[in-house]
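Report on the structure
The chain contents come next:
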Amino acid sequence: MLMKTGNKTTPVTAVKPTMKKRILHVIDNLGRGGAETLLVGIIKALPDVAHEVVMLNERNEFKNELPQGLTIHCLRFTKKYQLLTACFRLRQIIKTFNPHIVHSHLYWSNVITRLSTPKETQLFFSNHCMQSFEAFKNPLLVHLEKLTYHRHHTLISVSQAVEEDYKKYIPIKGKTHVLHNFVEDRFFRTASQTGSFDLLRCVGVGRMTEQKNWGFLVQAFSRLKDEEIYLDIYGQGPLLQTYQQQCKELGLKKLVFKGVNEQLFDLLPTYDLFVSCSLYEGHPVSVLEAMAAGLPLLLSDIPVMYEAAKEAAFYFNLDDEMSFIKQIVELKNNRHLLNLSAMNAKALVHADYTKKKYIESLLNIYHL
C-alpha cells in the first residue's frame, strides 16, 4: 500500500488488528459465594479480553451484573455418573472457542476441566476452600484429585492456609501461586462516626451453613441480654429458619437474621463492629469488605483469619464462649480500641486487597 505525501510516495505498512486474548472460565455455578463473586469481578475488570463461562449447573444469581453479550454454557452436571458426558461437552466448547487460557474454580469444575483441556492449552485451577473440611473428607475424591492433576497445570490458592491444607493430601506437581482475594471498589467507604457510646451495633455476613457457625453467636447472645449490644446477620442458606427459630425460642431481640441484602457496601459503614465465628474459611471476602468499609473486626481465631486480618483484628477462642463475651463487652466499653482496629484494618486492605493489585498479579500469573 502506498501513501502520497506532497511530491513523495511513502510505503505504508498495514496495521493488523490486535486479536483479543480468550479466556474460558469454568465454575460449578454463579450462586452468591466468594469464588463466584471473585470470578464475576475478574470478568468485569478485563474488558479487553474475550471471556466465555462454563457452569456445571444453571444457577446464576449474577445475571444483572454480567457484561452484555457474555456467552454462558451449562454442562448440566448434577450427578457424578454424568462426569464423562460433562467432559465431552466441555471438550467441544474448548475446541470451538479455542481459548488461550482455561481457568477453573472449585472441586468438580477443576476435575472436569483437567480431564477435558488439551495439554497445549494453559490451564489454571483455583482452590478456594480448605478441602480437608469439604471434598477431601471423601478418600475417593482425594484419589480423583491426584489422578487428574498434572505437572502442566497451575494451581492458584486463595490463601497460604488453603495451599498448606491442600499439600497435606496432594503433592504439588506444577507451578503454584497464592493469590489473596480482593475487595470491590464500591466497598471502600468511610465508616460512620455517629455510633452511640452507650451501645454497640455489630454486623455479620455469610451463608447460613454449619461452616459459618452462627449458632455459636446465638448461644453467646443468650448470655448478653443485659448488654446494649446488637447484632444483624446478613445472608441466606439452609439453616436460616433454624437460627431464626432458635432466636425466637431464646427470646433474643438484639440478634436478628436479616436475610439477603445486595447493598452491603452501603450498610456496612453504619455499624460499629464486624463479627465472624467461622469454623474454617478459604480467604474470607466478607472480612475484607468490612475492613474496606472501615469497620473494626472480632474474628474466630482460625489461621486464615490471622492471615487475612493480621494484627488489625481482635480474636476469640471458638472453644470458649466466654472468650467471645469478654471481648465484645470490652470493645463496647472502649471506643479507642475499636477506632484503632478500624484504622489498622483500613490501612491493611488498601495495601493488600485492592482489585487493581489483584488483577495485576493475576495477569502476571497468566503471563498476559
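Only a predicted model underlies this, so the values are computations on that prediction, with no experimental measurement involved.

1. Some words on the nonpolar core
- Of all hydrophobic cores here, the largest spans 67 residues; its most connected members are L217, F257, L297, F324 and I328.
- Ranked by residues supplied to this core, first place goes to helix α6 (residues 214–221) with six residues.
- Those residues within four positions of I328 in sequence are excluded, and the remaining contacts are L200, C202, F221, L224, I229, L273 and L298.
- Among the nonpolar cores identified, the runner-up in size contains 29 residues, and L56, C87, V111 and F136 belong to it.

2. As for the packing of helix α9 (residues 285–292) against helix α12 (residues 335–352)
- Contact pair α9 / α12: the axes reach a minimum separation of 8 Å and the direction vectors enclose 115°. Between α9 and α12, the angle falls in the class roughly perpendicular. Two packed elements cross with a definite hand, and for α9 against α12 that hand is left-handed. Contact residues: α9 offers L288, M291 and A292, while α12 offers A345, K346, L348 and V349.
- Its residues assigned to classes, the contact of α9 with α12 comprises six nonpolar, no polar and one charged.

3. Here we look at α6
- Where burial is concerned, most of α6 is hidden: six out of the eight residues are buried.
- The set of residues buried in α6 consists of W214, F216, L217, V218, A220 and F221.

4. Some thoughts on empty space enclosed by the protein
- For the structure shown, the criterion picks out four cavities of 30 Å³ or more.
- There is about 60 Å³ of room inside the largest cavity.
- Taken together, G34, T37, L38, F182, E184, V285 and E289 make up the full set of residues lining the largest cavity.
- Listed by contribution, the elements that provide at least two residues to the lining of the largest cavity are α1 (34–45) and α9.
- Top element by residues in the lining of the largest cavity is α1. It accounts for three residues.
- Across the lining of the largest cavity, the residue classes break down as three nonpolar, two polar and two charged.

5. Digging into the pattern of salt bridges
- Taken as a whole and assessed by the stated rule, the structure comprises 14 salt bridges.
- Residues joined in a network through salt bridges with shared partners are R32, E65 and E262.

6. Topic: the sheet that holds strand β13 (residues 273–276)
- Pairing within the open sheet is parallel, and its six strands lie in the order β12-β11-β10-β13-β14-β15. Strands at the two margins of the open sheet, each flanked by one partner only, are β12 (255–259) and β15 (314–316). When strand polarity is set aside, the average angle formed by the axes of neighbouring strands in this sheet is 25°.
- Bridge analysis of β13 against strand β14 (residues 297–300) gives three bridges, and the strand direction is parallel. Looking at β14, one finds that F274 is bridged to L297.
- The strands that helix α11 (residues 321–332) touches are β10 (200–205), β11 (229–234), β13, β14 and β15; relative to β15, the one it contacts most, it runs at about 150°.

7. Considerations on the packing of aromatic side chains
- Tallied over the full model, the rule gives 18 aromatic pairs.
- Here F216 and F324 contribute two aromatic rings whose centre-to-centre distance is 6.1 Å and whose plane-to-plane angle is 80°, an arrangement assigned as edge-to-face. Pair noted here: F216 is in helix α6 and F324 is in helix α11, with a separation of 108 residues, a long-range link.
- In this structure F216 comes out as buried when scored by relative accessible area, which is 11%.
- For the pair Y234 and Y271, a centre-to-centre distance of 6.4 Å together with 80° between the ring planes defines the contact as edge-to-face. With Y234 in strand β11 and Y271 in the loop between α8 (264–267) and β13, this pair connects stretches of sequence that are 37 residues apart. The pair Y234 / Y271 is uniform in exposure class, with both members buried.
- Positioned above the aromatic ring of F125, the side-chain terminus of R114 is 4.6 Å from the ring centre.

8. Here's the deal with the confidence of the model for the chain
- The share of residues in the chain with pLDDT of 70 or more is 93%, and the mean pLDDT across the chain is 92.
- Per-residue pLDDT stays below 50 along residues 1–17; that stretch engages in twelve contacts with residues further than four places along the chain or on separate chains.

9. Quick notes on the packing of α1 against helix α13 (residues 355–366)
- Two numbers describe how α1 lies on α13: the axes approach to 11 Å, and their chain directions differ by 80°. The angle between the axes of α1 and α13 places the two elements in the roughly perpendicular class. For the pair formed by α1 and α13, the contact residues are L38, G41, I42 and A45 on the first element and K355, Y358, I359 and L362 on the second.
- Here the contact of α1 with α13 is built from residues that sort into six nonpolar, one polar and one charged.

10. Things to note about helix α7 (residues 240–250)
- For α7, the complete set of buried residues consists of L240, Y243 and C247. Take α7 and look down its axis: the buried residues cluster within an arc of 70°, on one side only. Exposed and facing more than 90 degrees away from the buried side of α7 are Q241, K248 and E249.
- Of the surrounding elements, those touching the buried residues of α7 are α6 and β12.
- One or two positions beyond α7, positive phi appears at G251, with a value near 70°.

Definitions and limits used
Residues numbered from 1 in each chain as written. Predicted model: local features only at pLDDT ≥ 70, side-chain atom pairs only at ≥ 80, totals over all residues. Heavy atoms only, no water. Core = buried A, V, L, I, M, F, W, Y, C linked by side-chain atoms within 4.5 Å. Buried < 20%, exposed > 50% of the residue type's maximum accessible area, 1.4 Å probe, protein only. Helix = DSSP H or I, 4+ residues; strand = E, 2+ residues; numbered from the N terminus. Contact = heavy atoms within 4.5 Å. Axes fitted to C-alpha atoms, helices over the stretch in contact; angles between N-to-C directions. Parallel < 35°, antiparallel > 145°, perpendicular 65-115°, else oblique. Left-handed = near helix turned anticlockwise from the far one by under 90°. Nonpolar A, V, L, I, M, F, W, Y, C, P; charged D, E, K, R; others polar. 1 Å grid on protein atoms, 1.4 Å probe; cavity = no way out; pocket = protein on both sides within 12 Å on 5 of 7 lines; lining within 4 Å. Points joined across faces, edges and corners; volume = space filled by probe spheres on them. Salt bridge = Lys/Arg side-chain N within 4 Å of Asp/Glu carboxyl O. Pairing = 2+ DSSP bridges. Phe/Tyr/Trp six-rings, centres within 6.5 Å; stacked < 30°, edge-to-face > 60°. Lys NZ or Arg CZ within 6 Å of the ring centre and 35° of its normal. pLDDT = per-residue confidence, 0-100. Arc of directions from axis to C-beta.

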